[in-house]
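Survey of secondary and tertiary structure
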There are 2 protein chains.
Amino acid sequence: MSETWLSIPAESGFGVRNLPYGVFSPPESSPRVGVRIGDHVLDLAAALGDPVFARPNLNEFMATGQACWRRVRAEVTELLTDEAHRGTVEPALYPLDEVELHLPYAVADYVDFYASEHHASNIGRMFRPDAAPLLPNWKHLPVGYHGRAGTVVVSGTPIVRPNGQRKPPAEDTPSFGPSRRLDIEAEVGFVVGTPSPLGTSVPPTDFARHVFGVCLVNDWSARDIQAWEYVPLGPFLGKSFATSVSPWVVPLDALDAARVPTPVQDPEPLPYLRETDPWGLDLSMTVELNGRPIAHPPFSSMYWSPAQMLAHLTVNGASLRSGDLYASGTVSGPEREQRGSLIELSWNGAEPVELDGGDHRSFLADGDTVTIRATAPGDGCTISFGEVTGTIHPAS
Amino acid sequence: MSETWLSIPAESGFGVRNLPYGVFSPPESSPRVGVRIGDHVLDLAAALGDPVFARPNLNEFMATGQACWRRVRAEVTELLTDEAHRGTVEPALYPLDEVELHLPYAVADYVDFYASEHHASNIGRMFRPDAAPLLPNWKHLPVGYHGRAGTVVVSGTPIVRPNGQRKPPAEDTPSFGPSRRLDIEAEVGFVVGTPSPLGTSVPPTDFARHVFGVCLVNDWSARDIQAWEYVPLGPFLGKSFATSVSPWVVPLDALDAARVPTPVQDPEPLPYLRETDPWGLDLSMTVELNGRPIAHPPFSSMYWSPAQMLAHLTVNGASLRSGDLYASGTVSGPEREQRGSLIELSWNGAEPVELDGGDHRSFLADGDTVTIRATAPGDGCTISFGEVTGTIHPAS
C-alpha cells in the first residue's frame, strides 16, 4: 500500500491505513456518509457515486456485508493514494472543522458487557469485601445486559445529570433528586453490520463477517441510582439517561496489527466460546477529566474478546441487526492509573482523583468534561479512534 | 355511538368500540395498516386515502400524536356506523382468514417491568425462602430492565428452544445445551406513539398523550439459563431468544371503561410516581397450554400502573421513541390459578400442572403451544385483545 497524496502529519492517526467511517453534514447540507482522512472528511456519495452513502446513517452500507466493505475500502484507498484521482477527489473533501458530525449508525439493540476482570474484581472488592471478588459465573461467560438504544448519543452531546431515586445505606427510605455519584465508564464498542437470522448463532470465527467496526463508548453511570434499583434485574435508570459514542467507526480491517490474544482463560471456556484466531485488541485508551489525563486503560487486558462476546450474545439464537452495538464494559487494567471509572479511580470516594489546580473528584461535578481517546498500532503507523467527549449539565 | 352496519356477533369483542390497529397483507400484496372489525380487517390506506397507513408498520401513524389518533378513530367509527359508507368501505374489508398478520410496529426500545406484587413475592419465596419475599426497593419503584427489541416477534412465530449455559446447584461447573426449564410469562404491553425529547420526563398525567395502545406479551423465559447468568446485571440470554406479542394494538381510548385504581400503594410512592387519575386496567387474561386453560391472571391486581411505569422509565430524562414497547412483567394474582408463569404454577416443579389426557408439565416440552388471551370491559360491550400464541420447536 502506498501513501496518500494528501499532506497528513505522521502522528495524525488518520492516515490511509485507518479510514474510519462516520456521518457528517457539510455546511447547510444534509447528513451523509464520509470517511476521515487526516483532518478532512471524504464525501463518499460524491466520490464513489453510490447512493448507499447518501444516507443519514451507515446502516444500509453496513448491511451489505464484508465483501462489499472490503471493496469500498480498496476503492477509497485507491482514490487517496493514486494522485491521478486528485482532481475528482478534492471537491469531495471537507475540512473537519467545517462539518457537523452525527451519530454514525441508527442503534438497533445496545448491549453492554462486563468483560474486564480487573474492573469486575475492583467492583466486587468494594461492594462485597468479605466474598470472592468475582461471582461464580464470571469466568464461564461474558456477563452482559441490554441497555437503552434510544439514548445513545454522539460525542459532544451535553449530558444532563439525571434525577432519580437514591437510598444511601444510612437512610431508611429513598429520596428523589439529582444523582450525587455520577460516573463514567471508558469502554470500546463494536458495531454490527451483517445481520443474522433468528434461531442461528455466530461462532467466534464469524466475528469479522458480522462486525463492521470499532468505536469508543462512555457509558455514563449514576452509581447511587444504580445501587438502589439494580436488584434483581440489573442496571436500568442508572445507565439509560445517556451513552456517548465516538463519531468514527474504525473498520476491523484497519486493526490487523492490533490483534493480540486475550489473557489466559482459566477455566477453559465452553466450546462455543473458544477462539482459534485471537480477537483481543491492543488499544491504548486515555481518559481526560477537564483536560487532565486521569487514566490509561489498556484494552488488551480484557478477559473476554469481542468475538467471544458476539458468540455469547447469539448462542441462544438471538438475531443480529445492522446497527446493533455492543460495548465491552469498563476497561480497567491491573494498575491504579489503568482504571476506567471514577468509582475505581477514587476507590468509592476514599481516594479522590487529583485534578489541575488542586481540585479533587470522587464523582463528576456539573461543568466537568470527560474525553476518552484511544489509539492502536497499525501497519507501520498509528490508528486513532479519535475521541468521545461530553460535558455535564446541571439536572433539570 | 351507534352500532356498526356490519354483522358482528355480540360476543365478538371486536365491535366498533374496540377498533384495534394492526399490520396485514392481503393475498399477494404488501403489508399495510389495518383496523380489525369483527372477523374482518379494514385497509386504512384504501378507506381513508392517507399514505401514512400504506406502511409496513404503525410507527409513522403512532408518531402523529393523540389528537390525530382520535381524529382517525372518529373517522373509522363513522365509516363503520353510517351505512351510507357501506359501498366505499366494503371493498376495503378483508376476511381475517385471508390475510397475513405482521409485527404491527418496529420495536424501538423494549423494556420489561416486574410490577406484580404476587409474582415478585412468589419468585422471592421460591428462591430466597429465608428472607422477606420482596426486595427493599420493590415498593418504592417499578423495577424494570431493557430487553432485546430485535427478537420481539408477532404471535404465531415458532419459538425455538434456546441453547445456553446452565449450572444446576448440584453441579460444579456449567454445561451447554438446550434449556430444560423453558417457561412463559403472561404480560401486558404498552406501545409508545408520541416521542419525548432527551432530558425530559413524562409524568403519569401525560401517559395517554404518549402511549398509543395496549397489546399482549409472552416473555418466553429459559429459567435455567437465566438463573446462572443473571447476577449481577440481570436477565440476558434467558430472555433474548424471543418475545411474542399479539398482532392487535388496542387504543387507550377503547379502555375507558376498564380503568381501575391500582391496589393501595403503601408506602406512598415518591411524588413523581403519584397518579391522580387511575391507570390500572381491569383486563382478564387466560393462559392456555395445548388448548387447556391453566391460568387466569387478573391485570387489575398489578401493584404499579402503566402510567407509573412510564413516569419511572423517563424520570432520568430518557427519551421516548415511537415504537418503544414496555411490558408489565408477569401478571399473577393472589390465587394459585391466577399465576402467569409455569415456574409459579408448578411451584418450581414441585407441583406440576395437569394437562388434558393425564399429562403434566413443570416447564414447556417441545411441541407445546401456549396461547394468552385477554378481554376488558367496554362501554356496554367486551373489548378483546385477541391472542398471542407460540409453539415450541426443538433446539437447533
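Residues numbered from 1 in each chain as written. Chains lettered and ligands numbered in written order. Predicted model: local features only at pLDDT ≥ 70, side-chain atom pairs only at ≥ 80, totals over all residues. Heavy atoms only, no water.

Looking at an unreviewed UniProt entry, one finds chain A named fumarylacetoacetase, with Amycolatopsis cihanbeyliensis as its source organism. Here is the UniProt Pathway (unreviewed entry) comment for chain A, exactly as written: "Amino-acid degradation; L-phenylalanine degradation; acetoacetate and fumarate from L-phenylalanine: step 6/6." (UniProt positions renumbered as here; feature names shortened; annotations may be inferred.)

Structural notes on the UniProt feature "active site" (unreviewed entry) in chain A
All names here are of chain A. Mapped onto this numbering, the UniProt entry gives "active site" (unreviewed entry) at His119. Topologically, His119 is positioned in helix 5 (residues 117-127). The residues contacting His119, other than those within four sequence positions of it, are Tyr114, Glu185, Thr330, Ser332, Ser341 and Glu344. (Helix = DSSP H or I, 4+ residues; strand = E, 2+ residues; numbered from the N terminus. Contact = heavy atoms within 4.5 Å.)

Some remarks on the sheet that holds strand 3 (residues 40-43) of chain B
Residues and elements named next belong to chain B. Taken in spatial order, the five strands make up an open sheet running 4-3-2-1-5, and their pairing is antiparallel. The open sheet has two edge strands with one neighbour each: strand 4 (93-95) and strand 5 (100-102). Direction aside, the axes of adjacent strands within the sheet are offset by 45 degrees on average. Where strand 1 (residues 21-25) and strand 2 (residues 32-37) come together, four bridges link them in antiparallel fashion. Opposite Gly22, over in strand 2, you have Gly34 as the bridge partner. (Pairing = 2+ DSSP bridges. Axes fitted to C-alpha atoms, helices over the stretch in contact; angles between N-to-C directions.)

Some remarks on the state of the cysteines
All names here are of chain A. Under the criterion given, the structure shown has zero disulfides over all chains. Between Cys381, a cysteine without a disulfide, and Cys215, which holds the nearest cysteine sulfur, the sulfur-to-sulfur distance is 20 Å. Take Cys381: its relative accessible area is 28%, and that puts it in the partly exposed class. (Disulfide = S-S within 2.5 Å. Buried < 20%, exposed > 50% of the residue type's maximum accessible area, 1.4 Å probe, protein only.)

Focus on the interface of chain B and chain A
Contacts between the two partners involve 53 residues from chain B and, on the opposite side, 53 residues from chain A. Of the roughly 5,100 Å² buried where chain B meets chain A, counting both sides, 63% is carbon and sulfur surface. Together, Arg148, Leu233 and Phe236 of chain B form the three largest contributors to the area buried by chain B at its contact with chain A, with a combined 16%. The tally of links from chain B across to chain A stands at two salt bridges. Between Arg148 of chain A and Asp324 of chain B there is a salt bridge, with its nearest N and O atoms 2.9 Å apart. At the junction of chain B and chain A, the tally comes to 24 residue pairs in polar contact (both at pLDDT 80 or more). (Buried area = accessible area lost by both parts, 1.4 Å probe. Salt bridge = Lys/Arg side-chain N within 4 Å of Asp/Glu carboxyl O. Polar contact = N/O pair within 3.5 Å; in protein donor to acceptor, adjacent residues only side chain to side chain.)

Quick word on helix 5 (residues 117-127) of chain B
Residues and elements named next belong to chain B. Along helix 5, the positions that sit buried rather than exposed are His119, Ala120, Ser121, Asn122, Ile123, Gly124 and Met126. In this structure, the buried residues of helix 5 make contact with helix 10 (342-345). Regarding helix 5, its N-cap is Ser116, as a side-chain oxygen of that residue lies 3.3 Å from the backbone nitrogen of His118 further along.

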